[in-house]
Amino acid sequence: MPVPERRGLVARSLLRDDAYRALRNAIVDGTLAPGERLNDAELVSWLGVSRTPIREALARLELSGLVQTRPGRFTMVSPLDPREARGAQSVVAAMHELAVREAVPLLGEPELDAMRAANDRFRDALRENRVDDALAADDAFHAVAVDACTNPVIRAVLEQHSPVLRRVERLRFSSLAGRASVTQHNTIIARCAEGDAEGASLAARANWQTLAPLLDAARG
C-alpha cells in the first residue's frame, strides 16, 4: 500500500505522552497544588510544546481524576477526593492482585532478584526520607509482576487509576507508616519464590489496601 500522506504522527504522539507525564508528575509530587488553575499559555511556555498536546494531556488527566475542567471557565488541579481515591484504591489493588496471580508461574530468578533489589532501594529510601526515590522503587517493585504477566489490560487500567493514589502515597512514605510496606513486599517475594500464586496475589492486594487509614483520615 502507498505511504499515507499524513505525517508527524509519531512526533505528535511523543509530545502528547511527554506532556502528560510531565503534568501528571507535577500534580502527584505537589508542584502543581490541588485547586491550582491551569492556564494553557503558561503550560505551553513551561513545557515548550504547542497547545494541542497540552490539551490532549489535560483530557487524559481528567479521566484519571487529577484535573477538573469546566469548558469556557477553568481547568484546575483536582482537590484530593477521598471517595474517588477509595474507588481508585479498590481498582488498583484488584489489578495488582491479578497481575501477581498471572505472573507467579512465569517468574524466574532474574525477576525475583529484581523485586528484591527494588525493595532494598525502597527500604533505604524510606530510612533516609527520600520520598521520590521511595516511590520510584515501589513502582519498580510492583512493575516486575505487571511486566511479567504480559496482560496489557492490567497495565492500561493501572496507568489510568494509579496516579490518584500516588498523591496519597507521598503522605504515607513521608511517615513511619510506609515502612510496613518493606515487610509486606518481602512476603510477596517469598510467596512468589514458593510458586504460591494465591498467597502472593492476596499479599499484593493487602499491600495496596494499607492506604485505607490515610484515605479515612482525609475523609475526616
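These figures come from a predicted structure and were not determined experimentally.

Let's talk about the pairing of strand 1 (residues 67–70)
Moving residue by residue along a regular strand, the side chains alternate between the two faces of the sheet.
Item 1. Pairing between strand 1 and strand 2 (residues 74–77): four bridges, direction antiparallel. By the bridge assignment for strand 2, Val67 is matched with Val77.
Item 2. Remark: three residues form the turn of the hairpin made by strand 1 and strand 2, two consecutive strands paired antiparallel; Gly72 in that turn has positive phi of roughly 80°.

Brief notes about empty space enclosed by the protein
Item 1. Following the criterion strictly, the structure yields one cavity of 30 Å³ or more and no others.
Item 2. Volume-wise, the largest cavity comes out at about 40 Å³.
Item 3. If you go around the largest cavity, the residues you meet are His96, Val100, Met115, Phe141, His142, Ala145, Ile188 and Ala204.
Item 4. When contributions to the lining of the largest cavity are tallied by element, the ones reaching two or more residues are helix 4 (82–103) and helix 6 (131–149).
Item 5. For the lining of the largest cavity, the element with the highest residue contribution is helix 6, accounting for three residues.
Item 6. Its residues placed into classes, the lining of the largest cavity shows six nonpolar, two polar and no charged.

A closer look at the layout of surface pockets
Item 1. Here the largest pocket is characterised by a volume of approximately 660 Å³.
Item 2. Arg24, Asp139, Glu159, Ser162 and Arg166 are, among the 21 residues lining the largest pocket, the residues nearest its centre.
Item 3. Of all the secondary-structure elements, those providing two or more residues to the lining of the largest pocket are helix 1 (9–28), helix 6 and helix 7 (152–173).
Item 4. When grouped by side-chain class, the residues that make up the lining of the largest pocket number eight nonpolar, four polar and nine charged.

Examining the pattern of salt bridges
Item 1. If you walk through the whole model with that rule in mind, you get 17 salt bridges.
Item 2. Close ionic contact of Arg51 with Asp40 constitutes a salt bridge, the shortest N to O distance being 3.7 Å. Placement of the pair is Arg51 in helix 3 (residues 51–63) and Asp40 in helix 2 (residues 40–47), with a sequence separation of 11 residues.
Item 3. Classification of Asp40 as buried rests on a relative accessible area of 17%.
Item 4. Between Arg123 and Asp120 there is a salt bridge; the shortest N-O distance is 3.2 Å. Of the two residues, Arg123 and Asp120 are both situated in helix 5 (residues 109–127); the distance of three residues between them amounts to about one turn of the helix.
Item 5. In this structure Arg123 comes out as partly exposed when scored by relative accessible area, which is 27%.
Item 6. Via salt bridges that share partners, Glu97, Arg101, Glu198 and Arg205 belong to a single interconnected network.

Some points on the nonpolar core
Side chains that are nonpolar tend, in soluble globular proteins, to be buried together.
Item 1. Counting residues in hydrophobic clusters, the biggest one holds 49 residues, and the most contacted among them are Leu58, Leu61, Met115 and Cys192.
Item 2. If you list the elements that add at least two residues to this core, you get helix 1, helix 3, helix 4, helix 5, helix 6, helix 7, helix 8 (180–193) and helix 9 (197–209).
Item 3. The biggest single contributor to this core is helix 4, with eight residues.
Item 4. Residues in contact with Met115, not counting those within four places in the same chain, are Phe141, Val144, Ile188, Ile189 and Cys192.

Observations concerning the confidence of the model for the chain
Item 1. A residue-level look at the chain finds 86% of positions with pLDDT of 70 or above and a mean pLDDT of 85.
Item 2. Below a pLDDT of 50 lies the segment residues 1–11, which in the model reaches one contact outside its immediate sequence neighbourhood of four places, other chains included.

Reading guide: rules and limits
Residues numbered from 1 in each chain as written. Predicted model: local features only at pLDDT ≥ 70, side-chain atom pairs only at ≥ 80, totals over all residues. Heavy atoms only, no water. Pairing = 2+ DSSP bridges. Helix = DSSP H or I, 4+ residues; strand = E, 2+ residues; numbered from the N terminus. 1 Å grid on protein atoms, 1.4 Å probe; cavity = no way out; pocket = protein on both sides within 12 Å on 5 of 7 lines; lining within 4 Å. Points joined across faces, edges and corners; volume = space filled by probe spheres on them. Nonpolar A, V, L, I, M, F, W, Y, C, P; charged D, E, K, R; others polar. Salt bridge = Lys/Arg side-chain N within 4 Å of Asp/Glu carboxyl O. Buried < 20%, exposed > 50% of the residue type's maximum accessible area, 1.4 Å probe, protein only. Core = buried A, V, L, I, M, F, W, Y, C linked by side-chain atoms within 4.5 Å. Contact = heavy atoms within 4.5 Å. pLDDT = per-residue confidence, 0-100.

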